[in-house]
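Remarks on the overall topology
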Number of protein chains: 2
Amino acid sequence: MGNKVETTALMAEPFHVDFSGRLTMGVLGNHLLNCAGVHAASRGFGIAELNECKYTWVLSRLAIEMFEMPYQYEHFTIDTWVESVYRLFTNRNFRICDKDGTSIGYARSIWAMIDVASRKPADLFQLHGGSIVEYCTDELDCPIDRPGRIKVSTTDPVSVLTARYSDIDINGHVNSIRYIEHIMDLFSLDYLKDHILKRFEMAYSAESYYGDELRIYQEETAPDSFDLEIRKKIGEKEEVCVKSKVIFK
Amino acid sequence: MGNKVETTALMAEPFHVDFSGRLTMGVLGNHLLNCAGVHAASRGFGIAELNECKYTWVLSRLAIEMFEMPYQYEHFTIDTWVESVYRLFTNRNFRICDKDGTSIGYARSIWAMIDVASRKPADLFQLHGGSIVEYCTDELDCPIDRPGRIKVSTTDPVSVLTARYSDIDINGHVNSIRYIEHIMDLFSLDYLKDHILKRFEMAYSAESYYGDELRIYQEETAPDSFDLEIRKKIGEKEEVCVKSKVIFK
């Protein structure tokens, strides 16, 4: 493929698979974000390059849909490309293929660029003279739904946890992947033995920090389809950090 | 280096570093065990090969000592080799080097081979006609202490947790790396900002499973040196699953 699509070859390592021998959603998310980073960096839009200009990428939405998860020791590849660029955000897609090159899943992500100092959104058309648009491509299709609306109205958390050392990234925030792991830990092994994870959506809205009390709210909005919110406690109030939709089949 | 040492090139990925930008001990442990797996597999002693003969490797001890942890995006390498083979266990060592080839840490591990069905130890000299001894080498030195004695006498746990989905590996056990993460999560960010992790020892004695209540006991045996035990609750009793020694400087 041309210069617009980045392809990364990977293998499902033993400590990256779950009880069923399949890659975990958290590890897959980690791989996707790494591939996005490599794609952007090699084209002049990486975090390191942006930091020099005082900007950074912020992940806003992530939707992953898998027909099959790689099994322990299986080789697989991730393709990533930019679908479209708007003034304040960009759509980046992913395709996951098994060792034979057959598609086993897709993902969509939405990113904003912010000014590190003000934390305000930056204009993507101003970045490198707007040259990011040259990397948009429709050479690959991404046949999964765009991230949808997630709404949770319950007032009883299903889980309450405190953000610890292993949750925190170099920016001092609970990292995007750990939220996925905390959500997966809500489901019992018995449930997960009988259901296959089909789609996982994340919407990141506010950062949480070391020591924050995180409350997870969950509603089954359709059979085996769950809407979730992770809210941090601030005094007597709460703020939504993350919304998520998890669909099993 | 000759065929006896396996060298693996790695990079400190963004989601694998902590608040300080340094690789976490859990991720380093994961890399070490993967490198051990690759070394063994490429020489006919891997898990996959052993399973065909109904045997598997079991990690008994791991001791890691780091002078410096790789920083985010830094490249580093891991060398691994077999130091010695006894009838019932083998000593495997590791050297971690920075991008310039300078040693930044070492690790020692002790492995047993067991019969998968009986869970009893197997005779390493019987494996492939004892050819594993041909891979022993003293071509590289491992200048760190061997794993030592760990003793905890306190009866008050510092933390109690339940083994969840993300803890469990393909064998249905809490995986070796998650214990390291749970232990690191005992330390406050303030403490970790002021202290550098120097040595981490693990002694694995019994498996724990999904839903097990895990109680962590901790004693500061010398300034900034901690002995720990993770015990699982069985009825009204407890069984030690893991012992650990964590030394900061």
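Here is a short report on the structure shown in this document.

About the cut-offs
Position numbers for residues start from 1 in each chain and track the written sequence from start to end. Here the convention is simple: chains get letters from A, ligands get numbers from 1, in the order in which they are written. Residue-level local features of this predicted model are given only where pLDDT is at least 70; pairs of side-chain atoms are given and counted only at 80 or more, and the full residue set underlies all totals for whole chains, interfaces and linings. Side-chain descriptors were evaluated using all non-hydrogen atoms of the structure, hydrogens and water having been removed beforehand. A pair is scored as a salt bridge if a Lys or Arg side-chain nitrogen falls within 4 Å of a carboxyl oxygen belonging to Asp or Glu. Per the convention used, a helix needs a DSSP run of H or I reaching at least four residues, while a strand needs a run of E reaching at least two, with both numbered from the N terminus. Classification of residues uses two cut-offs on accessible area relative to the type maximum, computed with a 1.4 Å probe and protein chains only: under 20% is buried, over 50% is exposed, and between them is partly exposed. Any two rings among Phe, Tyr and Trp, with Trp reduced to its six-membered ring, count as a pair given centres within 6.5 Å; such a pair is stacked if its planes are under 30 degrees apart, edge-to-face if over 60, and tilted if neither. Two residues form a contact once any of their heavy atoms are found within 4.5 Å. Joining two parts hides part of their accessible area as seen by a 1.4 Å probe, and the buried area is that hidden amount summed over both. Pairing between two strands is assigned when DSSP locates at least 2 bridges connecting them. Orientation is described by lines fitted to C-alpha atoms, with helices fitted over the stretch in contact, and by angles between N-to-C directions that extend from 0 to 180 degrees. The copies were overlaid by least squares, fitting only the C-alpha atoms of residues that reach a pLDDT of 70 or more in each copy. Neither His nor the chain termini are counted; the positive set is Lys and Arg, and the negative set is Asp and Glu. A 3.5 Å cut-off defines polar contacts: any pair of N or O atoms within that distance qualifies, except that in protein one atom must be a possible hydrogen donor and the other a possible acceptor, and neighbouring residues in sequence count only when both atoms are side-chain atoms. Definition used in this section: a nonpolar core is a set of buried Ala, Val, Leu, Ile, Met, Phe, Trp, Tyr and Cys residues joined via side-chain atoms within 4.5 Å. In this analysis, the expected span of each helix is defined as 1.5 Å times one less than the number of residues it contains. Angular relationships are summarised with four words: roughly parallel below 35 degrees, roughly antiparallel beyond 145, roughly perpendicular across 65 to 115, and oblique for the angles in between. The sense of a crossing depends on the near helix, which, turned anticlockwise from the far helix by less than a right angle, makes the crossing left-handed and, turned clockwise, makes it right-handed.

Once that is clear, we can look at the pattern of salt bridges. A complete count under the given rule lists 38 salt bridges over all chains for this structure. Across the pair B:R87 and B:D123 runs a salt bridge, and its minimum N-O distance is 3.7 Å. Highlighted residues: B:R87 in the loop between β3 (75-85) and β4 (90-98) and B:D123 in the loop between β5 (103-115) and β6 (159-162), separated in sequence by 36 residues. Overall, B:R87 belongs to the partly exposed group, its relative accessible area being 46%. Overlapping salt bridges bring together A:D167, A:R178, A:E181, B:D167, B:R178 and B:E181 as one network.

The next subject is the packing of aromatic side chains. Counted according to the given criterion, the structure contains 22 aromatic pairs over all chains. Note on A:F19 and B:Y165: the rings are 6.2 Å apart at their centroids and 80 degrees apart in plane angle, and the pair reads as edge-to-face. Separated into two different chains, A:F19 in the loop between β1 (6-11) and α1 (25-41) and B:Y165 in the loop between β6 and α3 (176-184) make up a pair that spans both. A ring pair is formed by B:F226 and B:F248, whose centres lie 6.1 Å apart and whose planes are at 80 degrees; its orientation type is edge-to-face. Linking B:F226 in strand β9 (residues 225-234) with B:F248 in strand β10 (residues 237-248), this pair joins segments that are 22 residues apart in sequence.

The next subject is the interface of chain B and chain A. Where interface size is quoted, it is often the accessible area lost as the parts come together. In this assembly, 35 residues from chain B lie in contact with 35 residues from chain A. Summing the contributions of chain B and of chain A, the shared interface buries around 3100 Å²; its carbon and sulfur component is 55%. When residues of chain B are sorted by the area they lose upon contact with chain A, B:F15, B:Y165 and B:I170 head the list and together hold 28% of the total. If you look at where chain B meets chain A, you find two salt bridges.

So, about the sheet that holds strand β7 (residues 197-204) of chain B. Residues and elements named next belong to chain B. Within the open sheet, the 10 strands sit side by side as β1-β3-β4-β5-β2-β7-β10-β9-β8-β6. Their pairing is antiparallel. Of all the strands in the sheet, just β1 (6-11) and β6 have a single pairing partner and so form its edges. Between one strand axis and the next, the sheet turns by 25 degrees as a mean value, whatever way the strands run. Helix α1 (residues 25-41) rests against β1, β2 (55-66), β3, β4, β5 and β7 of the sheet, and its axis sits at about 55 degrees to β3. Sitting on the sheet, α3 is in contact with β2, β6, β7, β8 (213-222), β9 and β10, with an inclination near 130 degrees to β7.

Quick look at the relation of the copies chain B and chain A now. Copies of the same chain, two in number, are related to each other by a rotation about an axis and a translation along it. Screw-axis analysis of chain B against chain A gives a translation of 0.0 Å along the axis, an RMSD of 0.0 Å, and a rotation angle of 180 degrees. A rotation of that kind, with that shift, is consistent with a two-fold axis. No C-alpha of chain B approaches the rotation axis more nearly than that of B:L161, which lies at 5.6 Å. Looking at chain B, 100% of its interface residues are interface residues in chain A too, so the copies touch through the same face.

Residue position: A:D18 is located in the loop between β1 and α1. Summary of buried charges: A:D18 has no salt-bridge partner, and the nearest side chain of opposite charge, A:R22, is 7.1 Å away. Side-chain polar atoms of A:D18 contact the side chain of A:S20, separated by 2.6 Å. For A:D18, the contacting residues outside a window of four places in its chain are A:T24, B:Y165, B:I168, B:D169 and B:I170.

A few words on the pairing of β5(B). All names here are of chain B. Burial within β5 is extensive, with 11 of its 13 residues counted as buried. The pairing of β2 with β5 spans 11 bridges and is classified as antiparallel. Of the residues in β5, the one forming a bridge with M66 is G105. Taken together, the eight bridges between β4 and β5 define a ladder with antiparallel strand orientation. By the bridge assignment, F94 is partnered in β5 with A107. Where β4 folds back on β5, the antiparallel hairpin that results is connected by four residues, among which G101 adopts a positive phi of roughly 85 degrees.

Time to look at the nonpolar core. With 127 residues, the main nonpolar core has A:L28 and B:L28 as its most contacted residues. With residues near it in sequence (within four places) discarded, B:L28 still touches B:L23, B:I64, B:M66, B:M69, B:I78 and B:I96.

All names here are of chain A. Within the secondary structure, Y135 sits in the loop between β5 (103-115) and β6 (159-162). With 130 residues separating them in the primary sequence, Y135 and V5 have C-alpha atoms 8.5 Å apart. With residues near it in sequence (within four places) discarded, Y135 still touches N3, K4, R43, F45 and V82.

This paragraph deals with the side chain of A:D212. All names here are of chain A. Residue position: D212 is located in the loop between β7 (197-204) and β8 (213-222). It turns out D212 is buried and unbridged, and the closest side chain with the opposite charge, K232, is 4.4 Å from it. In this structure D212 touches L161, T162, A163 and K232, once residues within four positions along its chain are discounted.

Taking 1.5 Å of rise per residue, 17 residues should cover 24 Å, and α1(B) covers 24 Å from first to last C-alpha, within 8% of that figure. Across the 17 residues that make up α1(B), a large majority, 14, are buried.

Helix packing for two helices is described by the angle between their axes and how far apart those axes are. Residue and element names in this part refer to chain B. Interhelical geometry of α1 versus α3 gives an angle of 160 degrees and a closest axis separation of 8 Å. As summarised for this structure, α1 and α3 are arranged roughly antiparallel, according to the angle between their axes. For the pair α1 and α3, the crossing hand works out as right-handed. Touching M25, G26, G29, N30 and L33 of α1 are S176, I177, I180 and E181, all from α3.

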